[in-house]
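Report on the structure
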Amino acid sequence: MTDHRWTPRENDVTDALRAHYAPPTDERYWDVLESRILAHVARGGAGEGWWSALAEMARPALAAAAILVLVAGAAVVNTRQLDARNAYASVISAAPPSVESSARLSSTPDGDATINYILSH
């Protein structure tokens, strides 16, 4: 390691790691650990895995999924109804034909304006 102002020296880090990972000095620790391991093996060790937490969450997860499906279905139905209303309204209330402004009509000859009006529809 480099000797920077903000980093501890390499020996300090090594000593701190050795103290942290040193084995327990109390012999009772090892006896308690052994008894816990043997008790776990005697129970068969089943039912205490990471998957047991998933089993506890199965019912709430299914309820949440059902609610999500209902909300999504209602959103789809609402969107289809809105699209149908908009399509119906666009057919029923057709926009009137556009009328060219008088300024444009006055700048073109009468025959050209009539032909442009007829061709635009």
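Residues numbered from 1 in each chain as written. Predicted model: local features only at pLDDT ≥ 70, side-chain atom pairs only at ≥ 80, totals over all residues. Heavy atoms only, no water.

Within the chain, the regular secondary structure consists of six helices and zero strands. Here the chain displays about 11,100 Å² of accessible surface, and carbon together with sulfur accounts for 64% of that area. (Helix = DSSP H or I, 4+ residues; strand = E, 2+ residues; numbered from the N terminus. Areas by Shrake-Rupley, 256 points an atom, 1.4 Å probe, with all protein chains shown as cover.)

Once that is clear, we can look at the pattern of salt bridges. For the structure on display, the rule yields one salt bridge. Across the salt bridge formed by D26 and R28, the nearest N and O atoms sit 3.4 Å from each other. With relative accessibility at 36%, the residue D26 sits in the partly exposed group. (Salt bridge = Lys/Arg side-chain N within 4 Å of Asp/Glu carboxyl O. Buried < 20%, exposed > 50% of the residue type's maximum accessible area, 1.4 Å probe, protein only.)

This part takes up the packing of aromatic side chains. This structure, assessed with the given rule, holds one aromatic pair. Where Y29 meets W30, the ring centres are 5.0 Å apart and the plane angle is 80°; that geometry is what we call edge-to-face. With relative accessibility at 41%, the residue Y29 sits in the partly exposed group. Residue classification places W30 among the partly exposed positions, given a relative accessible area of 38%. (Phe/Tyr/Trp six-rings, centres within 6.5 Å; stacked < 30°, edge-to-face > 60°.)

Of the residues in the chain, 74% have a pLDDT of 70 or more, and the chain-wide mean is 79. By mean pLDDT, the top-scoring element of the chain is helix α4 (residues 58-92) (92), and the lowest-scoring one is helix α5 (residues 102-107) (53). (pLDDT = per-residue confidence, 0-100.)

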